Amino acid sequence: MISEKEYRYYQRLHQSRLNLVIHIIGSIMFITGNILMLIGLFNFIDFSQILMGFSLILLAIVLQGIGHQFEPEQFDLELIVFFPVFLFSPYFMENWNKK
(Lines give C-alpha, C1' and ligand atoms only; values in the text may rest on other atoms or scores of the structure.)
Protein backbone atom coordinates (compact mmCIF):
# COMPACT_ATOMS: atom_id res chain seq x y z
CA MET A 1 0.00 0.00 0.00
CA ILE A 2 2.59 2.58 1.11
CA SER A 3 6.26 2.02 0.39
CA GLU A 4 9.05 2.09 2.94
CA LYS A 5 10.50 5.16 1.20
CA GLU A 6 7.18 7.05 1.58
CA TYR A 7 6.93 6.08 5.26
CA ARG A 8 10.45 7.34 5.94
CA TYR A 9 9.76 10.61 4.12
CA TYR A 10 6.51 11.09 6.02
CA GLN A 11 8.22 10.20 9.31
CA ARG A 12 10.81 12.91 8.69
CA LEU A 13 7.96 15.44 8.27
CA HIS A 14 6.25 14.49 11.54
CA GLN A 15 8.81 14.54 14.35
CA SER A 16 7.11 16.80 16.90
CA ARG A 17 4.94 15.06 19.47
CA LEU A 18 2.66 18.11 19.61
CA ASN A 19 2.19 17.92 15.84
CA LEU A 20 1.41 14.20 16.11
CA VAL A 21 -1.32 14.88 18.69
CA ILE A 22 -2.72 17.71 16.56
CA HIS A 23 -2.77 15.37 13.56
CA ILE A 24 -4.63 12.65 15.47
CA ILE A 25 -7.33 15.15 16.41
CA GLY A 26 -7.30 16.77 12.96
CA SER A 27 -7.58 13.45 11.11
CA ILE A 28 -10.60 12.44 13.17
CA MET A 29 -12.21 15.84 12.57
CA PHE A 30 -11.43 15.75 8.83
CA ILE A 31 -12.84 12.26 8.29
CA THR A 32 -15.90 13.04 10.45
CA GLY A 33 -16.49 16.24 8.51
CA ASN A 34 -16.47 14.36 5.22
CA ILE A 35 -18.89 11.77 6.57
CA LEU A 36 -21.23 14.50 7.89
CA MET A 37 -21.24 16.23 4.52
CA LEU A 38 -22.12 12.97 2.76
CA ILE A 39 -24.89 12.23 5.26
CA GLY A 40 -26.21 15.76 4.76
CA LEU A 41 -26.31 15.24 1.01
CA PHE A 42 -28.09 11.90 1.32
CA ASN A 43 -30.60 13.31 3.82
CA PHE A 44 -32.26 15.39 1.14
CA ILE A 45 -29.71 18.19 1.36
CA ASP A 46 -29.65 18.77 5.12
CA PHE A 47 -27.75 22.07 5.17
CA SER A 48 -27.03 21.95 8.90
CA GLN A 49 -25.11 18.66 8.52
CA ILE A 50 -23.34 19.91 5.41
CA LEU A 51 -22.31 23.13 7.18
CA MET A 52 -21.15 21.24 10.29
CA GLY A 53 -19.11 18.84 8.13
CA PHE A 54 -17.56 21.65 6.11
CA SER A 55 -16.68 23.51 9.34
CA LEU A 56 -14.96 20.43 10.75
CA ILE A 57 -12.94 20.02 7.55
CA LEU A 58 -11.80 23.65 7.60
CA LEU A 59 -10.89 23.48 11.29
CA ALA A 60 -8.92 20.27 10.70
CA ILE A 61 -6.96 21.93 7.87
CA VAL A 62 -6.20 24.95 10.07
CA LEU A 63 -5.05 22.66 12.90
CA GLN A 64 -2.80 20.77 10.52
CA GLY A 65 -1.22 24.02 9.39
CA ILE A 66 -0.61 25.00 13.01
CA GLY A 67 0.91 21.59 13.77
CA HIS A 68 3.32 21.78 10.88
CA GLN A 69 4.75 25.03 12.22
CA PHE A 70 6.49 22.87 14.83
CA GLU A 71 8.26 20.80 12.18
CA PRO A 72 11.56 21.50 10.41
CA GLU A 73 9.95 20.80 6.99
CA GLN A 74 6.51 21.76 5.69
CA PHE A 75 4.01 19.40 4.07
CA ASP A 76 0.63 19.52 2.30
CA LEU A 77 -2.69 17.96 3.25
CA GLU A 78 -2.63 14.34 4.28
CA LEU A 79 -5.40 13.99 6.85
CA ILE A 80 -7.76 11.63 5.09
CA VAL A 81 -5.49 8.78 3.98
CA PHE A 82 -1.82 8.97 4.79
CA PHE A 83 -1.86 10.11 8.40
CA PRO A 84 -4.34 7.45 9.59
CA VAL A 85 -2.13 4.79 7.92
CA PHE A 86 1.00 6.34 9.44
CA LEU A 87 -0.71 6.44 12.87
CA PHE A 88 -0.85 2.64 13.00
CA SER A 89 2.65 2.07 11.67
CA PRO A 90 5.81 1.47 13.71
CA TYR A 91 7.16 4.77 12.35
CA PHE A 92 4.58 6.74 14.34
CA MET A 93 5.68 5.10 17.60
CA GLU A 94 9.32 5.66 16.71
CA ASN A 95 8.67 9.42 16.37
CA TRP A 96 6.36 9.48 19.39
CA ASN A 97 9.06 7.98 21.62
CA LYS A 98 11.76 10.45 20.56
CA LYS A 99 12.82 12.90 23.22
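Everything below is about the structure printed above this text.
Let us look at the structure shown here. (Residues numbered from 1 in each chain as written. Predicted model: local features only at pLDDT ≥ 70, side-chain atom pairs only at ≥ 80, totals over all residues. Heavy atoms only, no water.)

**Some points on the environment of Glu-4**
Argument step 1. Note on placement: Glu-4 falls in helix 1 (residues 4-13).
Argument step 2. A relative accessible area of 46% places Glu-4 in the partly exposed class.
Argument step 3. Placed 87 residues apart in sequence, Glu-4 and Tyr-91 show a C-alpha to C-alpha distance of 10.0 Å.
Argument step 4. A distance of 2.5 Å separates a polar atom in the side chain of Glu-4 from a polar atom in the side chain of Tyr-91. (Helix = DSSP H or I, 4+ residues; strand = E, 2+ residues; numbered from the N terminus. Buried < 20%, exposed > 50% of the residue type's maximum accessible area, 1.4 Å probe, protein only. Polar contact = N/O pair within 3.5 Å; in protein donor to acceptor, adjacent residues only side chain to side chain.)

**So, the environment of Phe-86**
Argument step 1. Along the chain, Phe-86 falls in helix 4 (residues 82-87).
Argument step 2. Its relative accessible area of 0% is what places Phe-86 among the buried residues.
Argument step 3. Sequence separation between Phe-86 and Arg-8 is 78 residues; the distance between their C-alpha atoms is 10 Å.
Argument step 4. When neighbours within four sequence positions are excluded, Phe-86 is seen to be in contact with Tyr-7, Tyr-10, Gln-11, His-14, Leu-20, Tyr-91, Phe-92 and Asn-95. (Contact = heavy atoms within 4.5 Å.)

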